[in-house]
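What follows is each chain in one-letter form.
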Amino acid sequence: MDSNGDGIGDLPGIISKVDYIASLNIDAVWLSPVFTSPMKDFGYDVSDYRGIDPVFGTLDDFKELVQKLHAYDIKVIIDQVWAHTSNQHEWFKTSRQDKENDKADWYIWVDPKDDGSLPNNWLSLFGGPAWTWDEGRQQYYMHHFLSEQPNLNYWNPDVREAIKDITRFWMNLGVDGFRLDVINSFINHPDLLDNPPRGDRPIPSDIAADNPMAGQYRCNGYSYVSDETYEWLEELRTCTDAYDSVCLMGEVGGEHSSQRACDFTKTGKRLHTAYSFSYLRQPIGKSIIENTIQKIENQIDDGWMTNTFSNHDYIRTASKTKDGETGDTDFILFAMALGLSLRGSFCLYQGEELGLEEAEVAFEDMQDPYGIEFYPEFKGRDGCRTPMPWNKDSKLAGFSAAEKSWLPIYSPHLKKAMDQQDDNPNSVLNHFRRFLKWRKTQDVLKIGNIDLIETPEPLIAFSRSLETQTMLCIFNDSNDETKFNLPDGEWKLSEDISRNIAVHDEKVKLKAYGFGFFDKLKS
């Protein structure tokens, strides 16, 4: 929500919508970066970790937002981009001056090879080499993304101490948690070994198949995820554990992302939770759901996953059907119920509760440098980032009083605007509100174990269990009616929360994308 008419959402805009946020029955808000930045990558290039960028408001605005969300018992998680800074950060400005200053080793600086070529074959996710020549230092610096995003050197203990000081700064302001961006890229192999060719290994879900980086295998000991990353996270965890109930949530992409996410959380000494990219790129359906559940449960031990079907980097959930159809209410509510029933926490991306589908953004309106670089084979991330439609008939859908918003309003979203759904008990929005309110009362869904049940296509079924309670969760992953026989025992359907389902004796019929939740009655 834009409060000052510049076409860009801001902190006072969020403050004005706190009542709406609370009405969703969510537990926490994760803010994407709001820190001082040149905005080469939408704030993921931070030039001052302690400052709020003027485009988003002030530090006082931030404090007010925290206070108002806390009044509703809603936690605040802020996005921390600690793998790299902006090249406009004072640390980097000092570091690039010469090889002897007090921050000379805060970034990854490397001489060219003897023949004058690049230090190794590492590539940037956003195109081109992961190395940029600096004329002043007469060295290359490393960056996994834009050349304006130089990577910090976590082999230097002074860098670690500086990051811990920033952590304390925000915890002292009442922040409840940190979402750590691309933690798999924090620490690389100190010898900067070439990435080997991918060969027949599968391409990880955080890389588009036509990105040249897809041809390299960024495995442990090469450009991503050195074992020392775990040591650093344990050090960071010790820092946050000095405060009450502060959560560390990590984003884990790259090779073997679901396994890595488990590794980052399972000891209880590293992150509190992490999410992988397992569900983000693929269509939502039986195969990916069952395979990912099994893979995680085989590895998670005492760790804790966060699941998500969409976010600011991937297409919206409503457009992730197997058949390419988009915006179907039955599918949207099926995905809602399925995601919120998985073991672990769950992130809902803004607008998901309205059922917004992926927007089409014309090339001339695109803002994402990643998408612009690889267009048209890859259209980037703008399609999931278009503004929230608050009011169908208002200028710019009530998002802003400006003549133009930073990305255009997607006209098909207007019929799903918040004001069109708010008072409609059958709207997608109110289904989300009811389901989330009900889930809060179900400890078995929040913290219970999960066990897959073998079923034929198109059924997905699993049980959740906690102490003496067992809940059966079944889902029809198709537009066609299908049937399911209840297991032995006496089961009670949660009728108010189930959908497109009918039960007769032990026979269950599920219509298009129907789902049901059954409590096992005590004998």
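The following refers to the structure shown. (Residues numbered from 1 in each chain as written. Predicted model: local features only at pLDDT ≥ 70, side-chain atom pairs only at ≥ 80, totals over all residues. Heavy atoms only, no water.)

1. Description of the nonpolar core
A general trend in soluble globular proteins is that nonpolar side chains are found buried together. Quick reminder of the rule: Residues belong to one nonpolar core when they are buried, are Ala, Val, Leu, Ile, Met, Phe, Trp, Tyr or Cys, and are joined through side-chain atoms within 4.5 Å. Partly exposed residues are those whose accessible area sits between 20% and 50% of the maximum for their type, while under 20% is buried and over 50% is exposed, using a 1.4 Å probe and protein chains only. In this description a helix means any DSSP run of H or I spanning at least four residues, a strand means any run of E spanning at least two, and both kinds are numbered starting from the N terminus. Contact criterion: two residues are considered in contact whenever any of their non-hydrogen atoms come within 4.5 Å of each other.
Within the largest apolar cluster, 119 residues are counted, with the highest numbers of intra-cluster contacts made by Trp82, Phe178, Ile289, Phe475 and Phe517. It is helix α9 (residues 329-339) that provides the largest number of residues to this core, a total of eight residues. Sequence-distant contacts of tryptophan 82, that is, excluding residues within four places in its chain, are made with Tyr49, Leu152, Tyr154, Ile163, Ile166, Thr167, Phe178, Leu180, Phe186 and Leu236.

2. Structural notes on the packing of aromatic side chains
Short version of the rule: Each pair of aromatic rings taken from Phe, Tyr and Trp, with Trp reduced to its six-membered ring, is defined by centres within 6.5 Å and is described as stacked if the planes are under 30 degrees apart, edge-to-face if over 60, and tilted in the remaining cases. Note on geometry: a ring has a charge over it if NZ (lysine) or CZ (arginine) is within 6 Å of the ring centre and within 35 degrees of the ring normal.
Counted according to the given criterion, the structure contains 38 aromatic pairs. The interplanar angle of 40° and the centroid separation of 5.2 Å between the aromatic rings of tyrosine 154 and tryptophan 232 together place this pair among those described as tilted. Separated by 78 residues along the polypeptide, tyrosine 154 in the loop between β7 (139-142) and α5 (157-172) and tryptophan 232 in helix α6 (residues 228-240) bring together distant segments of the chain. Considered together, tyrosine 154 and tryptophan 232 belong to a single accessibility category, that of buried residues. Ring centres of phenylalanine 331 and phenylalanine 334 lie 5.9 Å apart, and the angle between their planes is 40°; on these two criteria the pair is classed as tilted. In this pair, phenylalanine 331 and phenylalanine 334 are both assigned in helix α9, three residues apart and thus about one turn of the helix distant. The class for phenylalanine 331 is buried, based on a relative accessible area of 1%. A relative accessible area of 0% means that phenylalanine 334 is categorised as buried. Members of the aromatic cluster, connected to one another through ring pairs, are Phe331, Phe334, Phe435, Trp438, Phe462, Phe475, Tyr513, Phe515 and Phe517. Sitting over the ring of tryptophan 106, lysine 103 keeps its end group 4.7 Å from the ring centre.

3. Things to note about the pattern of salt bridges
Under the convention used in this document: By convention in these notes, a salt bridge is any Lys or Arg side-chain nitrogen within 4 Å of a carboxyl oxygen on Asp or Glu.
Within this structure, the stated rule accounts for 33 salt bridges. A salt bridge links arginine 179 to aspartate 181; the shortest N-O distance between them is 2.8 Å. With respect to class, arginine 179 is no different from aspartate 181; both count as buried. Of the charged contacts, one joins arginine 433 and aspartate 422 as a salt bridge, the two residues approaching to 2.9 Å between their closest N and O atoms. You can see arginine 433 sitting in helix α12 (residues 428-440) and its partner aspartate 422 sitting in the loop between α11 (418-421) and α12, a full eleven residues away along the chain. The class of arginine 433 is buried, set by a relative accessible area of 12%. Through salt bridges with shared partners, one network takes in Asp41, Asp313, Asp368, Arg381 and Arg385.

4. Focus on the sheet that holds strand β6 (residues 131-134)
Defined as follows: Two strands are counted as paired when DSSP detects at least two bridges linking them.
With antiparallel pairing, the three strands of this open sheet are ordered in space as β5-β7-β6. Two strands in the sheet have a free side with no partner beyond their single neighbour: β5 (109-110) and β6.

5. With respect to the state of the cysteines
Note the cut-off: The criterion for a disulfide is a pair of cysteine sulfur atoms lying within 2.5 Å.
Per the stated rule, a full pass over the model turns up zero disulfides. Of all cysteine sulfurs in the structure, the one in cysteine 247 sits closest to cysteine 262, which takes part in no disulfide; the separation is 16 Å. Looking at the unpaired cysteine 347, the closest cysteine sulfur is the one in cysteine 247, lying at 9.6 Å.

6. So, α9
Inclusion rule: Within 3.5 Å is the distance limit for a polar contact, defined as a pair of N or O atoms, with the added protein rule that one can donate a hydrogen and the other accept it, and that residues adjacent in sequence qualify only through two side-chain atoms.
With respect to burial, α9 is a largely interior element, nine of its eleven residues being buried. Burial in α9 covers these residues: Phe331, Ile332, Leu333, Phe334, Ala335, Met336, Ala337, Leu338 and Gly339. Between a side-chain oxygen at the N-terminus of α9 and the backbone nitrogen of aspartate 330 the separation is 3.2 Å; the capping residue is aspartate 328.

7. Focus: the environment of histidine 431
Along the chain, the position of histidine 431 falls in helix α12. Taking the C-alpha atoms as reference points, histidine 431 and isoleucine 163, separated by 268 residues in sequence, lie 41 Å from one another. Excluding its chain neighbours within four sequence positions, the residues that come into contact with histidine 431 are Leu333, Met336, Asn426 and Arg499.

8. A word on the packing of α6 against helix α7 (residues 257-265)
Operational definition: Interaxial angle, 0 to 180 degrees, is taken between N-to-C directions of lines fitted to C-alpha atoms, where a helix line uses only the stretch in contact. In what follows, roughly perpendicular refers to angles from 65 to 115 degrees, roughly parallel to angles under 35, roughly antiparallel to angles over 145, and oblique to any angle outside these ranges. Should the near helix be turned anticlockwise from the far one by less than a right angle, the crossing is termed left-handed; should it be turned clockwise, right-handed. Gly counts as polar in this scheme, as do all residues outside two lists: the nonpolar Ala, Val, Leu, Ile, Met, Phe, Trp, Tyr, Cys and Pro, and the charged Asp, Glu, Lys and Arg.
Relative to each other, α6 and α7 sit at 40°, their axes nearing to 10 Å. Relative to α7, the element α6 is oriented oblique. Like other packed secondary-structure pairs, α6 and α7 cross with a definite hand, here right-handed. Mapping the contact onto sequence places Thr229, Tyr230 and Leu233 in α6 and Arg260, Asp263 and Phe264 in α7. Residue composition of the contact of α6 with α7, grouped by class: three nonpolar, one polar and two charged.

9. Section: the environment of proline 150
Secondary-structure assignment places proline 150 in the loop between β7 and α5. The sequence separation of proline 150 and glutamine 97 amounts to 53 residues, and the corresponding C-alpha distance is 15 Å. Those residues within four positions of proline 150 in sequence are excluded, and the remaining contacts are His84, Thr85, Ser86, Asn87, Phe92, Tyr107, Tyr141, Met142 and His143.

10. A few points about the environment of glutamate 457
Tracing the backbone shows glutamate 457 in the loop between β13 (449-452) and β14 (459-466). According to the relative accessible area criterion, glutamate 457 is exposed, its value standing at 56%. A C-alpha to C-alpha distance of 7.9 Å links glutamate 457 and aspartate 477, two positions 20 residues apart in sequence.

11. Quick look at the pairing of β6
Across four bridges, the pairing between β6 and β7 is antiparallel. Each bridged residue has a counterpart across the sheet, and for aspartate 134 the counterpart in β7 is glutamine 139. Count of turn residues in the β6/β7 antiparallel hairpin: four residues, of which glutamine 138 carries a positive phi of about 60°.

12. Focus: the side chain of asparagine 211
Looking at where asparagine 211 falls in the secondary structure, it is placed in the loop between β8 (177-180) and α6. At 2.8 Å, the side chain of asparagine 211 forms a polar contact with the backbone oxygen of leucine 125. Those residues in contact with asparagine 211 that sit more than four places away from it in its chain are Leu125, Tyr370 and Phe374.

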